Every structure is written in structure tokens, then in C-alpha cells.
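# Survey of secondary and tertiary structure
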Amino acid sequence: MVLLQEAMIEFWAKAQGDKLAVDDGSKKLTYRELAHRASLYRTAARVLFSARSSAEALAAVVGLLTSPSTVALIDPLSVSEDFAFQLADFSPDVVLIDNEVWERNRGSLAGRTVSLLGSGLAGPRPGGLGEAVMYYAGVAERTMQVIHSSEGVWRCAQSLAAAMQLRNDDVVFVTAPLTHVLGLITSLAALWVGAAVVLMPRFESSEAVKAAQRATVIVGVPTLYAELVKTGIGRLDARYAVSGGAYLPPDVQRMFEEATDVPIVQVYGLTEGLVVSFQPPQLKEVKGTVGLPLPWVEVKLAEDGELLVRSPWNMRRYSDEAETQRVFTPDGFLKTGDLFKIDERGL
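Residue positions within a chain follow its written sequence, with the count starting from 1. Only residues with pLDDT of at least 70 are given local features in this predicted model, and only at 80 or more are side-chain atom pairs given and counted; all residues enter the totals for whole chains, interfaces and linings. Remark: hydrogens and water are excluded; side-chain values derive from all non-hydrogen atoms of the structure.

## What about the overall build of the protein?
Strands are runs of DSSP state E lasting at least 2 residues, helices are runs of H or I lasting at least 4, and numbering of each runs from the N terminus. Counting secondary structure elements, the protein contains eleven helices and 19 strands. Computation of the radius of gyration draws on C-alpha atoms alone. For the globule rule, the value is 2.2 Å times the number of residues to the power 0.38. Relative to a compact globule of 347 residues, whose C-alpha radius of gyration would be 20 Å, the protein shows 19 Å and is just as compact. Dimensions of the protein, computed from the C-alpha atoms along their principal axes, are close to 55 × 50 × 40 Å. Looking at the protein as a whole, 56% of its 347 residues are labelled buried. Whether two residues are in contact is decided by their heavy atoms: any pair within 4.5 Å suffices. The contacts in the protein between residues at least 6 apart in sequence include a share of 63% that link residues at least 24 apart. With residues, only the protein chains shown are counted as cover, and all accessible areas are computed by Shrake-Rupley using a 1.4 Å probe. Element-wise, carbon and sulfur atoms account for 52% of the exposed surface of the protein, whose accessible area totals about 14300 Å². To sort residues, take the accessible area from a 1.4 Å probe on protein chains only and compare it with the maximum for the residue type: under 20% means buried, over 50% means exposed, and anything in between is partly exposed.

Written out as C-alpha cells, the structure reads:
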């Protein structure tokens with residue numbers, strides 16, 4: 001049986017095989033090439049993945065998330081001590097990393113099975129879906145495994161693609177890392193509709209301006225927009241820009257919008273709940289909102305104003321069962337730890 005997630009990539013590979021799927025500035029993959037490269041990373045193994053955002057990294061992530069692997073997505077800029085902790089805690093069968101992560105962590109990787117990004121993974125290419133693990137538990141406020149189903153990751157991406165109203169002819173410039181919720185889900189959302197993803201392994205202002213000039217949708221944390229303003233960037237043709245991952249200062253929003261004539265809309269999410277809400281461009285004039293709950297997301301407020309979330313892509317569990325019990329209500333809502341106000345429009 002072919003999984004829906006795998007079938008979507010294969011569909012675009014057949015329908016528009018020569019269309020650009022991903023471009024990282026030094027390497028491009030068409031949808032046909034992406035489907036092939038992703039197939040080389042399908043496995044049932046327990047895989048620790050850590051690499052800067054790149055065309056090959058996205059292919060690897062797609063492959064891992066369309067196979068029964070359990071994959072831990074680790075920030076490639078993790079300091080050596082944090083990387084060593086996560087490596088020991090996760091105990092992978094294989095470590096899939098880029099050269100930079102390898103050079104920085106040679107000591108802790110001694111005796112481990114290591115595969116460098118680009119070489120694929122050895123072994124059979126099984127079907128089925130597994131789990132995706134991220135490491136900072138924001139609600140619990142400590143470093144431990146946050147365990148999601150891979151299916152949930154894809155369902156979140158599908159829902160976000162609909163909320164963002166992404167189109168097949170979009171060029172989505174994603175500056176957030178693939179190992180973080182914002183970068184991961186927006187990149188997969190773009191692939192879901194057959195759009196092109198532009199990634200930036202290392203932030204460089206001049207290259208970011210060039211990427212923004214060709215993009216129809218821009219995705220990043222607030223500092224991206226502050227940096228673009230500093231460059232003296234002018235008018236852009238993007239339909240909108242998305243800000244998430246941190247507080248968006250009103251002055252940054254105003255200066256970017258005045259300089260580019262591109263509205264910034266906001267997205268809200270967390271490690272445990274992935275993407276929860278999005279501000280649709282139809283509501284771009286509303287400032288200070290993180291938008292509406294995504295399709296399939298239920299929200300409500302606790303008595304103290306804490307946002308409670310229930311969705312098909314809430315985490316399955318922490319590695320600490322007691323903590324898991326603490327952050328879920330008896331009826332399955334995730335306690336986000338964030339205080340919200342919801343108006344009559346649901347914003």
C-alpha cells in the first residue's frame with residue numbers, strides 16, 4: 001500500500017517531474033529528482049538527523065518521514081554538550097549528518113554508525129510510517145524527547161498548506177531550519193501542493209534579498225525581517241510574508257511592510273503541538289494576532305487564559321510519562337502554557 005504522503009511526492013514527480021522542487025543556492029532538485037533522492041533515505045532504523053537546511057537535507061527528511069523510521073531532528077547548531085546528550089538519550093541505530101556537524105562532534109560520535117548526508121542510507125526501503133522526535137519541550141521547559149507520529153507531521157503540513165492558500169506556482173522562501181517546527185512544516189506544506197521551496201543553509205543578507213525578490217511567499221522569524229530592512233530592501237512581489245517562532249516587534253513589521261509593500265502575517269506553534277494557528281492574508285490588516293486555528297485544530301481557554309489545543313498532530317508523548325500526563329487534560333487537550341485572548345472573530 002502506498003502512503004498518501006509518499007503518493008503526493010510521487011504524484012508531483014510524475015505530473016511535473018522537471019519542475020523545481022527545492023533550491024538551496026548551490027543545489028537544485030526537480031520533483032523527479034527529489035522523489036528519487038528521498039527514496040534513498042527510507043528506512044526502518046532509528047535515525048538521528050542533524051544538518052543545515054539544504055536541498056539534500058529536505059530530500060532526506062521527506063524520505064525519513066515517509067518510512068517507518070523513528071527520526072530525531074536535531075538542531076545542527078547545537079553545542080557539542082547538547083548534541084552529546086541528545087545522542088546518548090536517543091540512542092540511534094545510525095546518525096545522518098552533514099560535514100559541519102561531523103567535524104564539530106567527532107568525539108561524541110566515536111563508535112557510532114555515521115552516514116554523511118548525500119550518501120543515502122543502507123538497507124531495505126520499507127513502507128509504513130514511524131515517529132518524529134524533537135528535543136526541546138517548551139511546555140515542560142526542559143530538554144527531553146517530544147515524540148510525534150510522522151503521519152501527524154504530514155497532516156499538519158497539509159492543513160497549513162490549505163490555511164496559507166499555497167499554490168502550485170508559488171516559490172516559498174523558508175529561512176527557518178528544517179529541524180525546527182516553522183521550517184519543517186512550511187517546507188512540507190509547499191511540497192504538498194507541488195510548489196518550489198527555496199532554502200538558505202547560512203544566512204547572508206545579500207543572498208536573502210535575492211531570494212526574497214524571487215519569492216511569492218516568505219517565511220522566517222522576526223529577525224529575518226529586521227535584517228532585510230537593514231539592507232535597504234525595496235518593493236517585493238511576494239503575496240505575503242510569514243513570521244513565527246518569536247515575538248514580532250510592531251516597528252519591525254511596520255518598517256518591512258512600508259519598504260516592501262508586502263504584509264507580514266503571523267503563525268503560532270510549539271514543539272508539542274506543531275503549527276496551531278495561522279493569520280490568513282485576508283485578515284492582514286489585523287495587527288497583534290496569530291490568526292485562526294488551522295483546519296482540524298480545536299482550541300479553548302482555561303479559566304486563567306491558558307490556551308488549550310487538541311489536534312491530530314499534537315505530540316503522542318514525552319519520553320517522560322509523568323510529564324506527558326501533566327500537560328494533557330483528561331479530554332485530550334494540550335496545555336500550551338501560553339496565555340491568550342480570543343475575540344468574537346476567533347482571533
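## Here we look at the packing of helix H3 (residues 55-65) against helix H7 (residues 181-192)
Lines fitted to C-alpha atoms define the axes, with helix axes restricted to the stretch in contact, and inter-axis angles between N-to-C directions lie between 0 and 180 degrees. In the contact formed by H3 and H7, the axes pass within 12 Å of each other and the chain directions differ by 85°. It follows that H3 is roughly perpendicular to H7 by the angle criterion. Between H3 and H7, the residues in contact are Leu58, Val61, Val62 and Leu65 and Leu184, Ser187, Leu188 and Leu191, respectively. Residues are grouped as follows: nonpolar covers Ala, Val, Leu, Ile, Met, Phe, Trp, Tyr, Cys and Pro; charged covers Asp, Glu, Lys and Arg; every other residue, Gly included, is treated as polar. Taken together, the residues that form the contact of H3 with H7 break down as seven nonpolar, one polar and no charged. Between 65 and 115 degrees an angle is taken as roughly perpendicular, under 35 as roughly parallel, over 145 as roughly antiparallel, and anywhere else as oblique.

## Digging into the sheet that holds strand E17 (residues 306-310)
At least two DSSP bridges between two strands are needed for those strands to be called paired. Pairing within the open sheet is antiparallel, and its three strands lie in the order E16-E17-E19. Two strands lie at the open edges of the sheet, namely strand E16 (298-301) and strand E19 (334-339), each paired on one side alone. Averaged over all neighbouring strand pairs, the angle between strand axes comes to 30°, with direction disregarded. Across four bridges, the pairing between E16 and E17 is antiparallel. For Glu298, the partnering residue across the bridge sits in E17 and is Arg310.

## Here's the deal with the environment of Asp320
Mapped onto the elements of the fold, Asp320 is located in the loop between strand E18 (317-318) and helix H11 (321-327). On the basis of relative accessibility, which here comes to 25%, the residue Asp320 falls in the partly exposed class. In this structure the C-alpha to C-alpha distance between Asp320 and Asp18, which are 302 residues apart in sequence, comes to 46 Å. Excluding anything up to four places from it in sequence, Asp320 contacts Arg142 and Met144.

## Some thoughts on the packing of helix H9 (residues 222-230) against helix H10 (residues 250-260)
It is at 9 Å that the axes of H9 and H10 come closest, and there the two elements cross at 50°. As judged from the angle between their axes, H9 and H10 are oblique. Two packed elements cross with a definite hand, and for H9 against H10 that hand is left-handed. Seen from H9, the contacting residues are Pro222, Tyr225, Ala226, Leu228 and Val229; seen from H10, they are Val252, Met255 and Phe256. In terms of residue class, the contact of H9 with H10 is built from eight nonpolar, no polar and no charged. For any helix crossing, the convention is left-handed if the near helix is rotated counterclockwise from the far helix by under a right angle, and right-handed if that rotation is clockwise.

## Structural notes on the nonpolar core
Ranked by internal contacts, the top residues of the largest apolar core, which has 85 residues, are Phe49, Ile185 and Phe278. Those residues in contact with Phe49 that sit more than four places away from it in its chain are Ala57, Ala60, Val61, Leu64, Val71, Ala72, Leu73, Ile74, Leu96, Leu117 and Thr179. Grouped together as the second largest cluster of nonpolar side chains are 23 residues, Val171, Ala196, Ala208 and Phe256 included. Residues belong to one nonpolar core when they are buried, are Ala, Val, Leu, Ile, Met, Phe, Trp, Tyr or Cys, and are joined through side-chain atoms within 4.5 Å.

## Points about the side chain of Glu56
Along the polypeptide, Glu56 turns up in helix H3. Look at Glu56 and you get buried, because its relative accessible area is 6%. Polar side-chain contacts of Glu56 include one of 2.6 Å to the side chain of Tyr41. Glu56 has contacts with Lys27, Arg37, Tyr41, Leu117 and Gly118, leaving out every residue within four places of it along the chain. Between N or O atoms, a polar contact is any pair within 3.5 Å; within protein, one atom must be a potential hydrogen donor and the other a potential acceptor, and residues adjacent in sequence are included only when both atoms are from side chains.

## Notes on unusual backbone geometry
Backbone geometry places Leu274, a non-glycine residue, at a positive phi of 55°. Inspection of the secondary structure assignment puts Leu274 in strand E14 (residues 274-278). Despite not being glycine, Trp296 has its phi angle at roughly 80°, a positive value. Tracing the backbone shows Trp296 in the loop between strand E15 (292-293) and E16. Look at Trp296 and you get partly exposed, because its relative accessible area is 44%.

## Topic: helix H6 (residues 150-164)
An α-helix turns once every 3.6 residues. As a result, residues three or four positions apart point the same way. Spanning 15 residues, H6 covers 21 Å between terminal C-alpha atoms, matching the ideal 21 Å at 1.5 Å per step. Extensive coverage of H6 is indicated by the burial of eleven of its 15 residues. Considered for burial, the residues of H6 that qualify are Ser150, Gly152, Val153, Trp154, Cys156, Ala157, Ser159, Leu160, Ala161, Ala163 and Met164. Positive backbone phi, at 55°, marks Gln165, one or two positions downstream of H6. By definition here, a helix of n residues has an expected span of 1.5 Å times n minus one.

## Topic: the sheet that holds strand E1 (residues 20-23)
Either a parallel or an antiparallel arrangement is found when strands of a sheet pair, and the pairing is made through backbone hydrogen bonds. An order of E2-E1-E10-E9-E11-E12-E13-E14-E15 is seen for the nine strands of this open sheet, with the pairing classed as mixed. Across the chains shown, the open sheet's two edge strands, defined by having one partner strand only, are strand E2 (28-30) and E15. Of the strands in this sheet, E1, E2 and strand E10 (196-199) touch H3, which is tilted by about 125° from E10.

## Let's talk about the pairing of strand E12 (residues 240-243)
On E12, burial covers both faces: Tyr240 and Val242 on one face and Ala241 and Ser243 on the other are all buried. Pairing geometry for strand E11 (residues 217-220) and E12, over four bridges, is parallel. Within the sheet, the bridge partner assigned to Val219 lies in E12 and is Val242. Handedness of the crossover is the feature at issue here: the chain leaves E11, passes through H9, returns alongside E12, and the resulting connection is right-handed. Pairing of E12 with strand E13 (residues 264-270), which is carried by three bridges, proceeds in the parallel orientation. Bridge pairing in E13 places Ala241 opposite Ile264. When the strands point away from the viewer, a crossover counts as right-handed if the route from the first strand across the helix to the second turns clockwise.

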